[in-house]
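# Structural description and commentary
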Amino acid sequence: MEYNEYLDGSFNSKTGEFDSEKAKKNVFDRKEKINILLMGASGVGKSELINAFFGIKKTKSGDGKPQTQKLEKHEYKEKGLILWDTKGIEAVDYKATLSDLRNALEDAKKDAVNSRSLDGLPHVAWLCIKETSKRIEDREIELIKLVSQYNIPVVVVFTQTQYQSGDEFVAEAKNIFSSNLCDSIIKNRYVRVNSISYQMGPYTFDISGLDELLDLTEKTFPEGSKNAKNAFEKAQSVNAEKKLAAILDSCSTKIHIAAAAAGTAGASPIPGSDAPIIAAIQATLIYTINSEFELDDELKNSAAIATGILGVTALAQVGKTVVSNLLKFIPIAGTLIGGAVSATTAVALTEALGHAYVKTLSSFYDKKELKVILPANTKMIIDTFIEMFNPLKKSS
């Protein structure tokens with residue numbers, strides 16, 4: 001990728017300004033997305049399921065971006081997660097919900113054809129049925145058949161499972177779906193989940209089934225959908241090992257892309273023009289890695305961290321100027337380091353910086369909380385980065 005394409009309007013070579021807000025938008029636009037269609041009546045526990053599975057508080061109905069009167073989209077940018085939430089499916093006129101959903105899927109399909117990307121379509125549908133309801137409605141069957149027309153795999157999620165006391169209903173539900181020719185769509189993807197522990201009489205029902213839901217959903221992604229699967233594994237908050245592995249895999253790819261872009265800047269024929277551009281690329285890479293670790297909103301001292309990190313490299317002076325204020329347009333024209341940076345050096349420095357920063361954040365990754373918990377002291381973060389960076393620098 002050429003450096004102009006990588007920076008995509010965030011750096012003005014004429015004025016030497018780096019627009020960090022534009023860079024942040026670019027990072028989100030490039031981030032792998034996972035679209036999940038949530039189907040089910042109100043009160044079946046969709047909000048609790050999303051909160052437990054993704055570690056987020058699903059906004060209440062009406063707070064999302066309306067697609068139609070019967071469909072909302074909720075975007076969680078830091079996770080690359082987009083939830084399609086059906087509304088009114090429990091109403092007598094649920095046919096209106098089905099119609100609106102069909103129209104939304106048709107629009108998404110057209111966009112996919114025009115953009116040559118499937119990222120705008122739901123990758124998977126979760127049909128949520130409250131196990132304690134003890135009944136399957138016609139609307140559930142119609143929903144399954146509708147999404148199957150768009151090749152969207154379906155996972156049936158029985159919420160508020162009661163274990164043995166719910167066995168009979170679950171078996172009956174499977175027979176109903178089978179008799180309505182849904183077997184080829186569902187493909188035995190049934191899971192019983194308790195998103196929160198609850199009490200019923202003298203019995204306590206613990207949280208369960210989330211791991212199985214994770215495994216079943218992962219298996220719905222075809223071989224050519226690595227980005228969607230990776231986005232799903234990064235977004236989930238069920239399995240810490242899988243989450244971290246997906247983050248590291250994604251970071252590695254993004255570091256290589258940034259390094260390649262830095263190499264094209266280092267090969268620039270314009271004397272002295274490469275250093276500010278490379279610093280802008282590395283600042284963007286730091287934000288990209290923050291985004292992969294879901295640190296977008298929590299990293300309040302990002303400017304100080306980025307300044308310290310870039311200050312470790314040979315681009316120290318330029319780096320400090322680039323990130324002096326990540327919330328404003330940053331003038332960096334004329335702030336050079338006394339000579340051109342070769343393409344080889346630009347690639348090596350960017351690779352070393354990226355991998356060292358990933359190792360730094362990984363060292364603060366809490367597997368119980370499934371997130372990075374950074375110390376309040378910025379110096380401790382920079383010192384950790386220096387420990388990680390020096391060996392890489394010597395070996396480059």
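Attention in this report is confined to the structure presented alongside it. (Residues numbered from 1 in each chain as written. Predicted model: local features only at pLDDT ≥ 70, side-chain atom pairs only at ≥ 80, totals over all residues. Heavy atoms only, no water.)

## Points about the overall build of the chain
Looking only at helices and strands, the chain features 15 helices and 14 strands. Counting every position in the chain, which comprises 396 residues, the buried fraction comes to 52%. Taking the intrachain contacts of the chain between residues at least 6 apart in sequence as the baseline, contacts between residues at least 24 apart amount to 71%. (Helix = DSSP H or I, 4+ residues; strand = E, 2+ residues; numbered from the N terminus. Buried < 20%, exposed > 50% of the residue type's maximum accessible area, 1.4 Å probe, protein only. Contact = heavy atoms within 4.5 Å.)

## With respect to the layout of surface pockets
Think of a ball as big as a water molecule: rolled over the atoms, this probe shows where empty space is left. Taken as a whole, the largest pocket encloses approximately 900 Å³ of empty space. S117, L118, D119, H123 and A228 are the residues nearest the centre of the largest pocket, which is lined by 38 residues in total. For the lining of the largest pocket, the secondary structure elements donating two or more residues are α2 (20-30), α4 (95-115), α9 (226-235) and α10 (240-266). A class-by-class count of the residues in the lining of the largest pocket yields 17 nonpolar, 11 polar and 10 charged. (1 Å grid on protein atoms, 1.4 Å probe; cavity = no way out; pocket = protein on both sides within 12 Å on 5 of 7 lines; lining within 4 Å. Points joined across faces, edges and corners; volume = space filled by probe spheres on them. Nonpolar A, V, L, I, M, F, W, Y, C, P; charged D, E, K, R; others polar.)

## Some remarks on the packing of α4 against helix α5 (residues 138-148)
Put simply, α4 and α5 touch, their axes get as near as 11 Å, and they point 10° apart. Taken as axis vectors, α4 and α5 run roughly parallel relative to one another. Classified by chirality, the crossing of α5 by α4 is right-handed. Contacts between α4 and α5 involve K95, L98, L101 and R102 from the first element and E142, L143 and L146 from the second. Considering only residue class, the contact of α4 with α5 consists of four nonpolar, no polar and three charged. (Axes fitted to C-alpha atoms, helices over the stretch in contact; angles between N-to-C directions. Parallel < 35°, antiparallel > 145°, perpendicular 65-115°, else oblique. Left-handed = near helix turned anticlockwise from the far one by under 90°.)

## Quick look at the nonpolar core
The biggest cluster of nonpolar side chains holds 65 residues, and the ones touching the most others in it are I36, F54, W126 and F177. In this structure, F54 is in contact with I36, K79, L81, W126, F232, A235, Q236 and S237, ignoring residues within four places of it in sequence. With 46 residues, the next largest nonpolar core counts Y3, I277, L295 and A346 among its residues. (Core = buried A, V, L, I, M, F, W, Y, C linked by side-chain atoms within 4.5 Å.)

## Details of the side chain of T220
Within the element layout of this structure, T220 appears in the loop between α8 (210-218) and α9. Note on T220: relative accessible area 10%, which makes it buried. Only 2.6 Å separates the side chain of T220 from the backbone oxygen of T217, close enough to count as a polar contact. Those residues in contact with T220 that sit more than four places away from it in its chain are V124, P153, V155 and R189. (Polar contact = N/O pair within 3.5 Å; in protein donor to acceptor, adjacent residues only side chain to side chain.)

## What about the side chain of Q162?
Within the secondary structure, Q162 is located in the loop between β8 (154-159) and α6 (167-179). Judged by relative accessible area, Q162 falls into the buried class, the value being 10%. Beyond its immediate stretch of four places on either side in the chain, Q162 contacts E131, T132, K134, R192, Y198, M200 and F205.

## Some points on α9
By the criterion of burial, α9 is predominantly enclosed, with seven of the 10 residues buried. Buried within α9 we find A228, N230, A231, F232, E233, K234 and A235.

## Quick word on the pattern of salt bridges
On inspection of all chains with the given rule, the structure shows 19 salt bridges. The shortest N-O distance in the salt bridge between D29 and K25 comes to 2.8 Å. Taken together, the residues D29 and K25, both in helix α2 and four residues apart, mark about one turn of the helix. Connected through shared salt-bridge partners, E32, K234, K254 and E292 make up one network. (Salt bridge = Lys/Arg side-chain N within 4 Å of Asp/Glu carboxyl O.)

## Remarks on the packing of aromatic side chains
As enumerated under the stated definition, the model contains 10 aromatic pairs in all. A ring pair is formed by F158 and F169, whose centres lie 6.0 Å apart and whose planes are at 80°; its orientation type is edge-to-face. Of this pair, F158 sits in strand β8 while F169 is found in helix α6, placing the two residues 11 residues apart along the sequence. Assigned by exposure class, F158 and F169 land together as buried. Taken together through their ring pairs, the aromatic side chains of F53, F54, W126, F221 and F232 make up a single cluster. Taking NZ or CZ as reference, K33 lies 4.4 Å from the ring centre of F28, over its face. (Phe/Tyr/Trp six-rings, centres within 6.5 Å; stacked < 30°, edge-to-face > 60°. Lys NZ or Arg CZ within 6 Å of the ring centre and 35° of its normal.)

## Structural notes on the packing of α8 against α9
Where α8 meets α9, the closest approach of the two axes is 11 Å, and the angle between their N-to-C directions is 170°. On the basis of their axis angle, the class for α8 and α9 is roughly antiparallel. In terms of crossing hand, the pair formed by α8 and α9 is right-handed. Facing α8, whose interface residues are L214, T217 and E218, α9 presents K229, F232 and E233. For the contact of α8 with α9, a count of residues per class yields two nonpolar, one polar and three charged.

## Let's talk about empty space enclosed by the protein
On inspection of all chains with the given rule, the structure shows one cavity of 30 Å³ or more. In this structure, the largest cavity spans a volume of roughly 40 Å³. The residue makeup of the lining of the largest cavity, split by class, is five nonpolar, no polar and four charged.

## Re the environment of S291
Within the secondary structure, S291 is located in helix α11 (residues 274-292). A C-alpha to C-alpha distance of 8.2 Å links S291 and K79, two positions 212 residues apart in sequence.

## Considering the environment of E233
Within the secondary structure, E233 sits in helix α9. Residue classification places E233 among the buried residues on the basis of a relative accessible area of 14%. Separated by 199 residues in the primary sequence, E233 and I34 have C-alpha atoms spaced 9.4 Å apart. If we skip the residues at most four places from it in the chain, E233 touches E218, K242, K243 and A246.

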